[in-house]
Amino acid sequence: MTALLSIRDLTVTYRRDGSEVAALKHVSLDVAAGERFAIIGESGSGKSTLALAIAGLLPGSSKVGGSIVWKLPNLRSPHSFAPPSVLPDISPTRGEIGSSVAGTPPAALEIGESGNDSAISPQVGEMSGRTEGGATDRQPASLRDHTPLGGRDIGFVFQDPSASLDPVMAVGEQVAEVAHTHLGLTWSQSYAKAKTLLERVRLPDPDAALRAYPHQLSGGQKQRVAIAAAIAAGPKLLIADEATSALDTIVQAEIVALIRQLVAEDGMTLLFVSHDIALAAELAERIAVFRHGELVELGATAQIIASPRHAYTRALLDAHLGLDTEPLLQQAGASR
Amino acid sequence: MSSPILAISGLTKRYRRGSRTIAAVDDISFHIEPGETLALAGPSGSGKSTIARLVLRLIEPDAGHIEFEGGDFLSLNGAVLRARRAHLQMVFQDPLAAFNPRASVARVLDDPLRIHGIAARSERPRRIAALLERVGLSADLAARAIHEISGGQRQRIAIARAIATNPSLIVLDEAVSALDVSVRRQILQLLLDLQRQERIAYLFISHDLGVISAIAHHVVILDAGRVAESGNARTVIGAPQSAIGKALVAAAPKLNRTSTQGAADRQ
Amino acid sequence: MNPLRRFLRAREAVAGAIILVALFAMALTASLFFPGDPQAIAGPALLPPFQDWSLPLGTDRLGRDVMAELFHGAGTSLVVGLAAAAAALAVGAIVGTLAGFAGGLVDEVLMRITDAFQTVPSFLLALAFVSIVGPSLGVVVTAIALGAWTGPARVARAEVLSIRERDFVAGARVIGMHPLEIAFREVLPNALPPVLALSSVIVAAAILTEAALSFLGLGDPNRVTWGGMIAEGRAVLRTAPFLSIIPGVALVLTVLGVYLAGEGVVETTAVRRSLS
């Protein structure tokens with residue numbers, strides 16, 4: 001198992017009304033290339049902050065400490081840095097997001113002044129380029145080109161597809177734009193790609209969907225479009241942040257099945273952020289449980305579900321109300 | 001057998017969308033006995049929330065009857081309707097949107113007591129403190145603003161407001177869907193305790209069969225505005241007959257806590 | 001505390017606020033510094049400014065103290081501007097809320113009335129109203145408010161239309177609240193911020209309208225007004241231009257001050273709203 005990214009001692013604080021709120025506290029974990037990794041927790045657990053930090057989408061006012069180090073096996077050369085409308089551009093200069101290349105000769109990577117970042121071994125023991133307490137704007141420009149780019153190397157699917165899609169742009173154009181921006185395709189190639197993608201996410205009528213506007217689609221269909229846009233550039237990592245929470249159970253199951261299939265077909269790594277431990281267990285191979293900004297428990301899905309070590313994980317499992325759970329209501333007295 | 005607290009028959013509500021007319025609710029009939037929970041289940045767009053709004057007379061049906069506490073509810077109007085509303089309350093999905101953003105907890109709970117003349121002005125602060133205690137909150141919370149308290153606390157306040165007028169039926173429209181799982185369970189427990197103590201009937205609307213099987217006596221499964229099937233909640237969910245019922249059961253996330261699923265997946 | 005600090009950081013807003021404070025000070029101290037009738041003769045006619053330090057801004061054609069007139073006129077401008085704007089905002093908010101909340105026929109009727117008022121130029125409306133009823137402070141305020149309430153009414157209605165669909169309004173109906181109480185206690189306060197954002201423009205426009213009415217001789221004859229002073233100076237514009245220039249500058253500064261300070265308040269509260 002090779003790691004895709006290593007998170008070490010990640011701390012994120014937001015400033016709110018003059019006081020600092022720690023959203024993540026000293027989180028360390030590795031995400032392996034090609035795995036389906038779930039981050040679960042309740043509101044305020046920091047799970048979305050972690051997803052945003054990995055994608056480089058944290059708001060500018062947040063303070064970041066620790067490191068997120070990427071090991072992208074085949075880093076493509078950058079095409080264009082025009083930010084796509086669907087996926088906000090990553091800004092790797094916030095916090096310290098380094099990049100190293102495993103499997104390719106070091107010569108393939110031009111390193112700027114801070115060449116020590118390239119010395120990080122894929123096994124990751126000690127972080128050489130690590131700094132504490134919110135390193136900002138210290139990434140040299142030449143290195144920036146080799147850090148993962150949102151939309152190209154990371155696909156992000158948000159909870160609310162109506163908010164993440166542009167309401168006045170045809171969905172075909174929104175998907176094509178990602179391909180155009182990151183793959184260097186012509187517009188006609190991009191539209192052809194968009195159509196293939198809309199077929200892949202199984203929209204009922206891809207030709208019509210290309211010209212449809214978001215308000216003409218149902219919530220589930222919009223989320224399919226958002227997924228198509230997220231995978232348009234063939235990212236290494238797909239982050240789904242509560243991507244099914246706004247949908248009803250049936251559509252949720254369909255979207256989860258779709259994500260599972262796409263991830264398998266494209267060999268993507270999946271980061272599945274959810275509040276629902278049962279849903280995460282159906283999809284992920286490993287689960288990380290968060291609470292109040294701290295990593296509570298991390299393990300293989302089967303172990304987390306069958307023999308949780310932490311009391312909080314057990315409490316989350318006990319709180320789950322499934323069809324097989326003993327009903328809270330005693331049915332004995334009920335009659336009609 | 002007592003007479004039902006709510007009986008609706010042939011309820012229909014149509015919407016015009018462009019040139020077409022769509023029946024959001026199409027000839028729906030069911031009834032709820034006092035002190036029982038009837039759940040409306042179905043995917044989004046199946047008409048669950050429209051039924052809730054029709055039952056509460058927030059919108060008017062195109063056809064059908066609603067009988068509440070043995071009387072024709074649709075014929076009531078003006079002051080008579082407003083007075084009768086004391087017995088028929090609602091808890092919304094999003095507890096933040098359900099309250100005036102400028103209100104304090106005290107004002108939210110004061111309104112129903114004042115409007116229905118349940119307590120004199122001087123007695124109301126004590127009533128409010130008692131209501132807060134009933135839903136498991138501290139009486140100090142009364143002075144806080146709605147936007148200052150947590151989502152779980154807000155939903156308890158929503159329940160406190162709903163029970164302030166001693167209703168016989170509360171409509172719960174996805175009332176626990178937006179809550180964290182641990183809070184969700186506590187709120188469901190609170191609802192069950194209140195039902196046991198006060199014999200309140202619930203019309204419980206949810207797309208989550210797990211929650212429904214935990215607290216409902218009966219379930220009506222809706223599909224595109226029509227009843228797909230109905231009956232005892234455990235029976236229907238245990239062995240659904242309709243296609244939509246089967247789809248809902250299949251789609252519900254299942255936790256198999258003893259098996260080693262996923263391990264095989266990993267290899 | 002925070003919004004105040006943010007307000008103080010905006011330089012234009014602070015400049016506006018300083019002008020307004022000076023204006024209020026002038027209005028409040030007018031009868032202290034210049035007791036008695038400002039329209040009484042105080043010295044020789046047409047004395048230029050800065051000649052006689054007991055009459056620092058000189059005198060007009062009838063020998064009245066320009067400084068005293070300026071101070072007393074400040075009060076008139078402020079009273080008329082604020083009262084007319086308050087009346088316009090109140091009427092507009094109430095009409096807009098009723099129209100938006102009630103809908104149907106009530107909405108139709110109220111909005112057609114609003115259209116009717118809006119199609120007549122507001123200054124002509126004020127002019128006609130004052131000429132018929134006769135000039136007095138109350139009539140001038142009413143006349144200006146008549147032409148200014150339609151904007152707030154439209155903004156309030158649009159806001160109410162979106163607010164009335166929200167869950168908390170349904171919640172208020174479910175607990176049996178009377179529709180009028182829902183409209184004015186639940187909906188209206190939440191619809192107010194964008195309506196109040198119009199107030200700086202309305203106050204500034206009202207001050208200008210009052211000056212224009214007075215200029216045309218339709219102001220309250222028993223009060224000194226800046227518009228009246230400009231009109232007075234017009235006859236001797238060639239020989240004594242200061243008689244028109246001094247109240248004119250005062251008017252420009254006042255309108256500017258109201259506008260800048262008002263915008264500052266709107267901006268700081270808007271930031272706070274978007275943060276919360």
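Further up the page is the structure itself.
Everything numeric here is computed off the predicted structure, so don't read it as measured data.

### Some words on the interface of chain B and chain A
Inference 1: In this assembly, 48 residues from chain B lie in contact with 41 residues from chain A.
Inference 2: Of the roughly 4000 Å² buried where chain B meets chain A, counting both sides, 58% is carbon and sulfur surface.
Inference 3: For the chain B face of the interface with chain A, the top three residues by lost area are Arg185(B), Leu255(B) and Arg257(B), together amounting to 19%.
Inference 4: Counting across the interface, chain B meets chain A through 7 residue pairs in polar contact (both at pLDDT 80 or more).
Inference 5: Within the residue set of the side of chain B that touches chain A, elements represented by two or more residues are β2 (20–32), α6 (181–198), α7 (209–215), α8 (233–238), α9 (243–251) and α10 (263–266) of chain B.
Inference 6: Counting residues per element, the side of chain B that touches chain A draws most heavily on α6(B), which supplies 8 residues.

### Points about the nonpolar core
Inference 1: Counting 60 residues, the largest nonpolar core has Ile157(B), Ile159(B), Leu188(B), Phe204(B) and Ile212(B) as its most contacted members.
Inference 2: In contact with Leu188(B), not counting residues within four places along its chain, are Leu321(A), Leu328(A), Val176(B), Phe204(B), Val211(B) and Ile215(B).
Inference 3: Core analysis: the next-biggest nonpolar cluster, separate from the first, contains 58 residues, Leu165(A), Ala240(A), Leu262(A) and Leu270(A) among them.

### Details of the interface of chain C and chain B
Inference 1: The partner chain B presents 23 residues to the 18 residues of chain C that form the contact.
Inference 2: Roughly 1800 Å² of surface becomes buried between chain C and chain B when both sides are summed, with 51% attributable to carbon and sulfur atoms.
Inference 3: On the chain C side of the interface with chain B, the three residues burying the most area are Asp167(C), Val174(C) and Ile175(C), jointly 37% of the side's total.
Inference 4: Taken together, chain C and chain B are joined by 4 salt bridges.
Inference 5: Among the ionic pairs, Arg185(C) bridges to Asp111(B), the shortest N-O distance being 3.4 Å.
Inference 6: Taken together, the links from chain C to chain B amount to 14 residue pairs in polar contact (both at pLDDT 80 or more).

### Observations concerning the packing of aromatic side chains
Residues and elements named next belong to chain C.
Inference 1: As enumerated under the stated definition, the model contains 7 aromatic pairs over all chains in all.
Inference 2: Ring centres of Phe33 and Phe34 lie 6.5 Å apart, and the angle between their planes is 70°; on these two criteria the pair is classed as edge-to-face.
Inference 3: Where Phe33 meets Phe71, the ring centres are 6.3 Å apart and the plane angle is 85°; that geometry is what we call edge-to-face. On the criterion of sequence distance, the pair formed by Phe33 in helix α2 (residues 11–33) and Phe71 in helix α3 (residues 66–102) is long-range, its members being 38 residues apart.

Scoring rules and cut-offs
Residues numbered from 1 in each chain as written. Chains lettered and ligands numbered in written order. Predicted model: local features only at pLDDT ≥ 70, side-chain atom pairs only at ≥ 80, totals over all residues. Heavy atoms only, no water. Contact = heavy atoms within 4.5 Å. Buried area = accessible area lost by both parts, 1.4 Å probe. Polar contact = N/O pair within 3.5 Å; in protein donor to acceptor, adjacent residues only side chain to side chain. Helix = DSSP H or I, 4+ residues; strand = E, 2+ residues; numbered from the N terminus. Core = buried A, V, L, I, M, F, W, Y, C linked by side-chain atoms within 4.5 Å. Buried < 20%, exposed > 50% of the residue type's maximum accessible area, 1.4 Å probe, protein only. Salt bridge = Lys/Arg side-chain N within 4 Å of Asp/Glu carboxyl O. Phe/Tyr/Trp six-rings, centres within 6.5 Å; stacked < 30°, edge-to-face > 60°.

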